[in-house]
Amino acid sequence: MTTTFAALLRAARHECGLTLEELSESSGVSVRALSDMERGRALGPQRRTVELIADALKLDGARRDELVALAKTGRTRSGYLTAAPGLCELPGSIGDYTGRTAELAWISGVFDALNDEADRLGAALISGGAGVGKTTLVVRAAHRLRDRFPDGVYFVDALGMSRRPVANTEILRRVLRAMGVRDQQLPQDPAERAGRYRQLLRQRRVLVIVDDAASESQVRPLLPGDGPSQLIVTSRRLLAGLEGVQRLHLDPMPVADAQDLLGRILAERFDARHENDLRELVDLLGGLPLAVRIAGNRLISRPGWSAADLVTRLSAAERRLDQLSAGDLKVAAAFEVSYEQLADPVRSLFRRASLVPGADFSAVLASVIGEVAVPAAEDQLDDLVDLGLMETAEGGRYRFHDLVRLYASQRLAAEDPVEVVAEARRRMVAWLLDTLTAAGRQFQPGGADIAVFGSAEDAEAWIRTEAEHWFQALGATAVAGDHRAVVRAVNALYAYYERWVHWPLWGDVFTLALDSAVQLGDAAVQAEFLNYLANVHTLPWRAEWPAALDCAQRARTLARQAGDLRQEAFALLHTAAARRGPPLRDLEAALSAIRQAADLFERVGDVDARLQTLLGSGVIAFDLGNAAEALAAYQGALAVAEDPGSGLTRFAVEATLPHILGHTAQALGRLGRRDEAIPIMLRAVDLFERLQVVMGQAAWLRILGEELYDDDHAAEARESLSRASDLYETVGQHDRAVYCRAKAEAIATGGGN
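These figures come from a predicted structure and were not determined experimentally.

(A) The overall build of the protein chain, seen in detail. Helix and strand counts for the protein chain stand at 36 helices and ten strands. At 36 Å, the protein chain has a C-alpha radius of gyration far larger than the 27 Å of a compact globule built from 753 residues. Out of the 753 residues in the protein chain, the part that is buried amounts to 52%. A sequence separation of at least 24 residues applies to 68% of the contacts in the protein chain between residues at least 6 apart. When the accessible surface of the protein chain is split by element, carbon and sulfur atoms take 49% of a total near 33,100 Å². The centroid of the 85 positive side-chain charges in the protein chain is displaced by 7 Å from the centroid of its 103 negative side-chain charges.

(B) Representation of the packing of aromatic side chains. All told, the structure shown has 25 aromatic pairs when counted by the stated rule. Between F510 and Y532, the ring centres sit 5.3 Å apart and the planes meet at 55 degrees, which makes this aromatic pair tilted. In this pair, F510 is assigned in helix α25 (residues 506-520) and Y532 in helix α26 (residues 523-537), connecting sequence segments 22 residues apart. Since its relative accessible area comes to 8%, Y532 is described here as buried. Ring plane angle 80 degrees and centroid distance 5.4 Å describe the contact between F529 and Y532, whose orientation is recorded as edge-to-face. With F529 and Y532 both in helix α26 and three residues apart, the pair spans about one turn of that helix. Each member of the pair, F529 as well as Y532, carries the same accessibility label: buried. Members of the aromatic cluster, connected to one another through ring pairs, are F443, W470, F471, Y494, Y496, Y497, W500, W503, W506, F510, F529 and Y532. Geometry around W305 places R302 over its ring, the cationic atom sitting 5.0 Å from the centre.

(C) Here's a closer look at the packing of helix α18 (residues 363-370) against helix α19 (residues 374-386). The contact between α18 and α19 brings their axes to 8 Å, and the two run at 100 degrees. Of the possible angle classes, the one that applies to α18 and α19 is roughly perpendicular. Between α18 and α19, the residues in contact are A363, V364, A366 and S367 and V374, A377, E378 and L381, respectively. Among the residues forming the contact of α18 with α19, the class breakdown is six nonpolar, one polar and one charged.

(D) Looking closely at the sheet that holds strand β3 (residues 207-211). Judged by pairing direction, the sheet is parallel, and its five strands sit side by side in the order β2-β3-β4-β1-β5 without closing on themselves. Of all the strands in the sheet, just β2 (153-157) and β5 (246-249) have a single pairing partner and so form its edges. With strand direction ignored, the average angle separating the axes of adjacent strands in the sheet is 15 degrees. Pairing analysis gives five bridges linking β2 to β3, with the strands arranged parallel. Across the sheet, the residue bridging to V156 is V210, located in β3. Sitting on the sheet, helix α8 (residues 168-178) touches β2 and β3, and the angle it makes with β2 is about 155 degrees.

(E) Representation of the environment of L310 within the structure. Note on placement: L310 falls in helix α14 (residues 307-315). Here the alpha-carbon distance between L310 and R298, two residues twelve residues apart in the chain, equals 8.6 Å. The contacts of L310, once residues within four sequence positions are left out, are L281, A295, R298, L299 and W305.

(F) Region of interest: helix α30 (residues 607-623). Between the first and last C-alpha of α30 there are 25 Å, a value that for 17 residues agrees with the 24 Å anticipated at 1.5 Å per step. When α30 is considered as a whole, its buried residues turn out to be D608, A609, L611, T613, L615, G616, G618, V619, I620, A621 and F622. For α30, the N-terminal cap is D606; the gap from its side-chain oxygen to the backbone nitrogen of D608 is 3.3 Å. Downstream of α30 by one or two residues, G625 has phi in the positive range, about 90 degrees.

(G) Spatial organisation of the environment of G263. Position of G263 among the secondary structure elements: in helix α11 (residues 255-265). Once the C-alpha coordinates of G263 and E588 are considered, the two residues, 325 residues apart in sequence, prove to be 64 Å apart.

(H) Quick peek at the sheet that holds strand β10 (residues 397-399). Strand order in the open sheet made by the three strands is β8-β10-β9, with antiparallel pairing throughout. The open sheet is flanked by β8 (360-361) and β9 (391-393), the only strands paired with a single partner. Pairing geometry for β9 and β10, over three bridges, is antiparallel. Paired with A393 across the bridge in β10 is R397.

(I) Just the packing of helix α28 (residues 565-578) against helix α29 (residues 587-604), in detail. Remark: α28 packs on α29, axes separated minimally by 8 Å, with the N-to-C direction vectors making an angle of 160 degrees. Between α28 and α29, the angle falls in the class roughly antiparallel. For the pair α28 and α29, the crossing hand works out as left-handed. The residues of α29 that touch α28, namely those facing L565, R566, E568, A569, F570, L572, L573, T575 and A576, are A590, A593, I594, Q596, A597, L600, F601, R603 and V604. Residue composition of the contact of α28 with α29, by class: 13 nonpolar, two polar and three charged.

(J) Focus on the pattern of salt bridges. Scanning the entire structure with this criterion turns up 41 salt bridges. Between D606 and R566 there is a salt bridge, and its shortest N-O distance comes to 2.6 Å. In this pair, D606 sits in the loop between α29 and α30 while R566 sits in helix α28, placing the two residues 40 residues apart along the sequence. Judged by its relative accessible area of 37%, R566 is partly exposed. Among the salt bridges present, the one from E706 reaches K743, with a minimum N-O distance of 3.7 Å.

(K) Here's a closer look at a negative patch on the surface. On the surface, E378, D379, D382 and D383 cluster together to form a negatively charged patch. Within the secondary structure, D383 is located in helix α19. On the basis of relative accessibility, which here comes to 39%, the residue D383 falls in the partly exposed class.

(L) Representation of unusual backbone geometry within the structure. The step from P582 to P583 runs through a cis peptide bond, and the omega angle for that step is 5 degrees. With respect to the secondary-structure elements, P583 resides in the loop between α28 and α29. Of note, the phi angle at C88 is positive, near 60 degrees, even though the residue is not glycine. The topology assignment puts C88 in the loop between α5 (61-77) and α6 (101-112).

(M) Local environment of the nonpolar core. V331, F361, W470 and L474 are the most contacted members of the largest nonpolar core, which totals 182 residues. Residues contacting V331, with those up to four places away along its chain left out, are L288, L290, A291, I294, L321, L324 and L403. Listed in part, the 31 residues of the second largest apolar core include L172, L201, V219 and V245.

(N) Spatial organisation of the side chain of R13. Structurally, the position occupied by R13 is in helix α1 (residues 5-16). Setting aside its immediate chain neighbours within four residues, R13 contacts L18, T19, L20, L23, E38 and L57.

(O) Molecular detail of the environment of G440. Within the secondary structure, G440 is located in helix α21 (residues 418-441). For G440, a relative accessible area of 0% puts it in the buried group. Taking the C-alpha atoms as reference, G440 lies 49 Å from G296; in sequence the two are 144 residues apart.

Reading the values: the criteria
- Residues numbered from 1 in each chain as written.
- Predicted model: local features only at pLDDT ≥ 70, side-chain atom pairs only at ≥ 80, totals over all residues.
- Heavy atoms only, no water.
- Helix = DSSP H or I, 4+ residues; strand = E, 2+ residues; numbered from the N terminus.
- Rg over C-alpha atoms; globule rule 2.2 N^0.38 Å.
- Buried < 20%, exposed > 50% of the residue type's maximum accessible area, 1.4 Å probe, protein only.
- Contact = heavy atoms within 4.5 Å.
- Areas by Shrake-Rupley, 256 points an atom, 1.4 Å probe, with all protein chains shown as cover.
- Lys, Arg positive; Asp, Glu negative; His and termini not counted.
- Charge placed at Lys NZ, Arg CZ, Asp CG, Glu CD.
- Phe/Tyr/Trp six-rings, centres within 6.5 Å; stacked < 30°, edge-to-face > 60°.
- Lys NZ or Arg CZ within 6 Å of the ring centre and 35° of its normal.
- Axes fitted to C-alpha atoms, helices over the stretch in contact; angles between N-to-C directions.
- Parallel < 35°, antiparallel > 145°, perpendicular 65-115°, else oblique.
- Nonpolar A, V, L, I, M, F, W, Y, C, P; charged D, E, K, R; others polar.
- Pairing = 2+ DSSP bridges.
- Expected span 1.5 Å × (residues − 1).
- Polar contact = N/O pair within 3.5 Å; in protein donor to acceptor, adjacent residues only side chain to side chain.
- Left-handed = near helix turned anticlockwise from the far one by under 90°.
- Salt bridge = Lys/Arg side-chain N within 4 Å of Asp/Glu carboxyl O.
- Patch = residues over 30% accessible without salt bridge, like charges linked within 9 Å, V, L, I, M, F, W, Y side chains within 5 Å.
- Core = buried A, V, L, I, M, F, W, Y, C linked by side-chain atoms within 4.5 Å.

Here it is, written out as structure tokens:
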């Protein structure tokens, strides 16, 4: 690397341990003049001045000759190099800046790498959507670390989001002028101008910041070659085609950082120490620094307002963006600048995507509401991601920032006719219900729709991933009065219920379907959905026994009115389950009900349901304290389930077998036959794991660790209970998770089960 007069002077002064003031005093050269020399602003001081500096630094021999020679070279160059004060000056940093610790460390690390000549990248790109604080971050970092760039820090606003972004040749001209190149000496050829820029960057240690870049072509000529200088680019776009750069994508601030920022902004208020309830306000702002600053400024300028007052104003979603303005700072205006960059088809999809009810969505759903092919929707969504108006989510999905969604919704109301919006919403809801129906049928005997889903696994993934969407679509369909569509979809979906039994909204789903059945006046269908609700109420973690019994009794009455023996039998089955739990515990009544159910299932020829009564009879016998009788019932059920000629459907066997095996193992354990019980229970756990039935898997692991492993297998017991705890935690069963964890810890400390 070529040594400059400025670099040699700095090095010599540091070696002598002199400050600028001390060198000025001993040489007679002013501090300002010395500072300009070290920063490269004064390229070639006169020989007499250089001699005085060399004497003060006690330079002799080759070092002295080199300093004099470099000054002479600088005097030759000064004919075309002269500093341009004020050009490309770095903006001031915000005094109340806080947060972004990891991002500031990343930028510092980028600068640290300048000292490592091996394979270093001299350019960094910081991307992110409107209002996330890209410029503020970079300016903050530049002020903190500017001592690493003694030859200058230069800042250029590229106006990338304006109608006329600054041309790359003009950016080069501004930076070169700031570095001292006279206008008449600027190369006119773009390639030569870029070459002159890179040459100076090799000779100096400078930081160049290009803020708000529009495209790769705008900044590519500014990429430095080798040498000690650094380029940092900020852009709302990802600039994926820009090669040879380190990348950092800036997301909204974490809640804690945003709350700290708001607190710092409010520090000047005399009552700021009483502003403790900022969390709700920060949540409404989605961690967007621009929104946080605007909210803080509004509270500062209105001393009579509290944070709660502003929360009230922002709580109405349709008014939130209008309220987020302070002087010339407006959140909506920041989004609008990005929106104006979009092509018309992309704008249309952006607006319509605000109709999607869930937090994230797939390109397939976007294609439905946008009336475009899936590949076209993917391209348009990627354009939105590139510009920071859309975020990517797990699994190749997409999501809005909350405030961006509100902006998209406002644009939809302003630009799209009411009938067009209504049709897009209707199309989305209809597609969601049709697809939900097809997904549910994948789990019904003979009901698979290969045209929609290639496998049950695909259908299962769709049901779980899109639950937030199809659940709200069910409600919208019911409100619209299409009750048959609701009944059809939920009827198909029930076949999947057992696989995802811990999902908390099943009761709401079945209630919606029941209400639609009431509107249709169909007693048999009402009985069916009341039976579904009874099943939900009897789930062990809900244990809503009175509600379960009420649903079962109402279902039985309606089933009798409709002459539906099958639904009457299910009502008796759920009556038996309800009678097992307090405060209604009556095991004899439960046993009577399940026997009646078995007889009815036998009459209607429902082999699958008959298997449930065999299992239920064993459970009641176990509750009565008769483990041997329970075991006999379980073994009878197991024999039927494993008999290829039983007539059972594959779905019934898959759903019921792990229950039968687990109960069998529990009964064997109660009878002291643990060695037989453990492998059976492990098989039950494995089957539930394959089906992804988390609650069943966790329940059997708990019993395995708590009841079946003896003291000689303490490690296995502890492992089973720990696994059960982890599984319970994944489905929100915190109390059960804590219980199992405590049991596992007790074993670990020698306390036993």
